[in-house]
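One-letter residues, chain by chain:
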Amino acid sequence: MNKTIRKIAVAAGFAAAVVLPLSGMAAEVPVSSAEVTGSTPAQLKVSNANVFNRLLKKEKDPNAAPWEDGIHDPENEATHALQPPKVAYEGWPRTPFGNHVDWVKALNDGLINPRYDRVDPTVEPLVMDLDIVRPVRASVPDVVFPHKPHTQWLHCSNCHPKIFIPQKGANQINMSAILLGKKCGVCHGKVAFPITTKSCKKCHSKPKPADWKPPLSEASVKNPWR
Amino acid sequence: MRNVTTRLTTWWRAAALALVASVFWGVSMQPAQAEYGDVIINNYSDAAGMRPAVFPHWYHRIRFRCKVCHADLGFKFKAGGNKITMAKIIDGKFCGACHNGEIAWSVENCGLCHSGKPGMPTQIHGSTVQRLVAPTYKPADKK
């Protein structure tokens, strides 16, 4: 009898030791884990181990007001005079990443009309509608680089020739460079929409041709026993 | 039997303590959730006894296209890479090209820009590089 209870106690202790650091990790925000998993009726008093955030979801307020966003100093009086992003984004098309708004759509829908010139609001941008398709050897959809949204926001000289030589296929681009802030990553991942598992398709937008097959790896091509 | 029960409650007390501790740890580890693209510029501010400046990209791109600052005004695509000083701003360079009381409010509103938590390093908040490679920012209140 005594032994069984001791065993149970040890097991419980072990479970606590394993689960607690995990729940600590998951509870990065002051939200109860029941709220995050959304699966536990509030009236039940279940032990915390059972409402453990099993999907490791990070519940966070993506458009926090300046005084609660963690980088502005709430003790600074003027911080409270700054506009909260949510007020500005009211009614805009949303995305699940970055600023959580679709800037390209907001612009095309006429919800915003940012100036292209510092002083003259009538200057029109020099928009060029030229798509550059970049076939990718990996089995992800091919990349389409659209000049149109870029030239609506930027000037040719922002990219050419410092970031990209203006010639189709003349630039070596890969995901490592982008993730480290080079090539497309000069902007994407900092201010333009970021690289997340939810945004791959924005760039990788052209399905592979129907007859496309993944290239065989050299090891299997050279294998004499195939 | 009594002995075992006490031991059991001690276990649970310890477990509860650990739980409370982990929750507090979780709270104190709360990541900043500022707007994507906010730039903290702290080349010289801290040393001069000012809060770091915070530049909100989202606010500016509602009003101006990227081209105005990055092509016309010469802002490089690099957080902290422009070596902005108050002297240059008052001279009408960088931020001062607009924050002159004509296009936008002028430099006497110190606290609107110098609004960052003291001690934060120069960075683009929430960047992919920051998320994947090196978390540069630890809350200043967690020394």
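Predicted model, so just to flag it, every value in this text is computed and none were measured.

> Pulling in residues and values, what's your account of the overall build of chain A?
For chain A, the helix and strand inventory stands at 9 helices and 2 strands. Across the 226 residues that make up chain A, the buried fraction comes to 35%. Once local pairs closer than 6 in sequence are excluded, the contacts in chain A between residues at least 24 apart make up 41%. Taken as a whole, chain A presents about 14,500 Å² of accessible surface, with 60% of it coming from carbon and sulfur.

> Describe a nonpolar patch on the surface, listing the residues and the values that go with them.
All names here are of chain B. On the surface, a cluster of nonpolar side chains totalling about 270 Å² of accessible area is made up of Met 86, Ile 90 and Val 107. Counting through the fold element by element, Ile 90 comes out in helix α4 (residues 86–90). On the basis of relative accessibility, which here comes to 62%, the residue Ile 90 falls in the exposed class.

> Please give an account of the nonpolar core that cites residues and values.
Grouped burial of nonpolar side chains is what soluble globular proteins tend to show. Listed in full, the 12 residues of the largest apolar core are A:Ala88, A:Tyr89, A:Trp92, A:Val101, A:Trp103, A:Ala106, A:Leu107, A:Ile112, A:Trp153, A:Leu154, B:Trp58 and B:Ile62. Mapped onto this core, the elements with two or more residues apiece are α3 (85–89) and α4 (103–108) of chain A together with α2 (57–63) of chain B. Sorting elements by how many residues they give to this core places α4(A) first, with 3 residues. If sequence neighbours within four positions are ignored, A:Val101 has contacts with A:Tyr89, A:Trp92, A:Pro93, A:Arg94 and A:Thr95. In this structure, B:Val39, B:Ile41, B:Phe75 and B:Ile89 belong to the second largest nonpolar core, which totals 7 residues.

> For the sheet that holds strand β2 (residues 53–55) of chain B, give the residues involved together with the corresponding values.
All names here are of chain B. Strand order in the open sheet formed by 3 strands is β2-β1-β3, and the pairing between neighbours is antiparallel. Among the strands making up the open sheet, the edge pair consists of β2 and β3 (123–124). Here strand β1 (residues 39–41) runs beside β3; their pairing, made up of 2 bridges, is antiparallel. What sits directly across from Val 39, in β3, is Ile 124.

> Can you tell me about the confidence of the model for chain B, naming the residues and giving the values?
Atomic detail in the predicted coordinates should be set aside for any region of low pLDDT. Residue and element names in this part refer to chain B. Averaged over chain B, the pLDDT score is 80; the fraction of residues at 70 or greater is 70%. Confidence over residues 1–6 falls short of pLDDT 50; this stretch has 5 contacts with residues more than four positions distant or in other chains. Low pLDDT (under 50) marks residues 15–30, which in the prediction has 22 contacts with non-local residues, meaning those over four places away or in another chain.

> Go over the side chain of A:His72 with me, naming the residues and quoting the values.
Note on placement: A:His72 falls in the loop between α2 (33–37) and α3. The buried category is assigned to A:His72, whose relative accessible area is 6%. At 2.7 Å, the side chain of A:His72 and the side chain of A:Asp69 are in polar contact. Residues in contact with A:His72, not counting those within four places in the same chain, are A:Pro66, A:Thr79, A:Leu82, B:Asp38, B:Val54, B:Ser115, B:Gly116 and B:Lys117.

> Provide a residue-level description of the environment of A:Gly98, including the pertinent values.
Positionally, A:Gly98 belongs in the loop between α3 and α4. On the basis of relative accessibility, which here comes to 18%, the residue A:Gly98 falls in the buried class. For the pair formed by A:Gly98 and A:His188, sequence separation is 90 residues and the distance between their alpha carbons is 9.5 Å. Excluding residues that lie within four positions of it along the chain, A:Gly98 makes contacts with A:Pro194 and B:Tyr36.

> Can you tell me about the confidence of the model for chain A, naming the residues and giving the values?
Residue and element names in this part refer to chain A. Of the residues in chain A, 73% reach a pLDDT of 70 or more, and the chain-wide mean stands at 82. Mean pLDDT values over the elements of chain A span from 42, in helix α1 (residues 2–26), up to 98, in helix α5 (residues 147–153). Between residues 1–40, whose pLDDT stays under 50, and residues either more than four places distant or in other chains, the model counts 59 contacts.

> Go over the packing of aromatic side chains, please, and point to the residues and values.
Residues and elements named next belong to chain A. On inspection of all chains with the given rule, the structure shows 9 aromatic pairs over all chains. With centroids separated by 6.1 Å and ring planes inclined at 50°, the aromatic side chains of Phe 97 and Phe 193 adopt a geometry described as tilted. Of this pair, Phe 97 sits in the loop between α3 and α4 while Phe 193 sits in the loop between α7 (175–179) and α8 (200–203); the two residues are 96 residues apart in sequence, bridging distant segments of the chain. On the accessibility criterion, Phe 97 (7% relative accessible area) is buried.

> So what's going on with a positive patch on the surface? Which residues, and what values?
Judged by side-chain charge, A:Lys162, B:Lys76, B:Lys83, B:Lys88 and B:Lys93 come together as a positively charged surface patch. Along the chain, B:Lys93 turns up in the loop between α4 and α5 (110–113).

> Break down unusual backbone geometry for me, citing the residues and quoting the values.
Following A:His160, the chain continues to A:Pro161 via a peptide bond in cis, the omega torsion being 0°. Looking at the secondary structure, you find A:Pro161 in the loop between α6 (156–159) and α7. Despite not being glycine, A:Lys183 has its phi angle at roughly 50°, a positive value. Summarising the element assignment, A:Lys183 is placed in the loop between α7 and α8. A:Lys183 gets classed as partly exposed once you look at its relative accessible area, which sits at 24%. Within the chain, B:Lys83 stands out as a residue other than glycine whose phi angle is a positive 50°. Within the secondary structure layout, B:Lys83 lies in the loop between α3 (66–72) and α4.

Calculation criteria
- Residues numbered from 1 in each chain as written.
- Chains lettered and ligands numbered in written order.
- Predicted model: local features only at pLDDT ≥ 70, side-chain atom pairs only at ≥ 80, totals over all residues.
- Heavy atoms only, no water.
- Helix = DSSP H or I, 4+ residues; strand = E, 2+ residues; numbered from the N terminus.
- Buried < 20%, exposed > 50% of the residue type's maximum accessible area, 1.4 Å probe, protein only.
- Contact = heavy atoms within 4.5 Å.
- Areas by Shrake-Rupley, 256 points an atom, 1.4 Å probe, with all protein chains shown as cover.
- Patch = residues over 30% accessible without salt bridge, like charges linked within 9 Å, V, L, I, M, F, W, Y side chains within 5 Å.
- Salt bridge = Lys/Arg side-chain N within 4 Å of Asp/Glu carboxyl O.
- Core = buried A, V, L, I, M, F, W, Y, C linked by side-chain atoms within 4.5 Å.
- Pairing = 2+ DSSP bridges.
- pLDDT = per-residue confidence, 0-100.
- Polar contact = N/O pair within 3.5 Å; in protein donor to acceptor, adjacent residues only side chain to side chain.
- Phe/Tyr/Trp six-rings, centres within 6.5 Å; stacked < 30°, edge-to-face > 60°.
- Lys, Arg positive; Asp, Glu negative; His and termini not counted.
- Charge placed at Lys NZ, Arg CZ, Asp CG, Glu CD.

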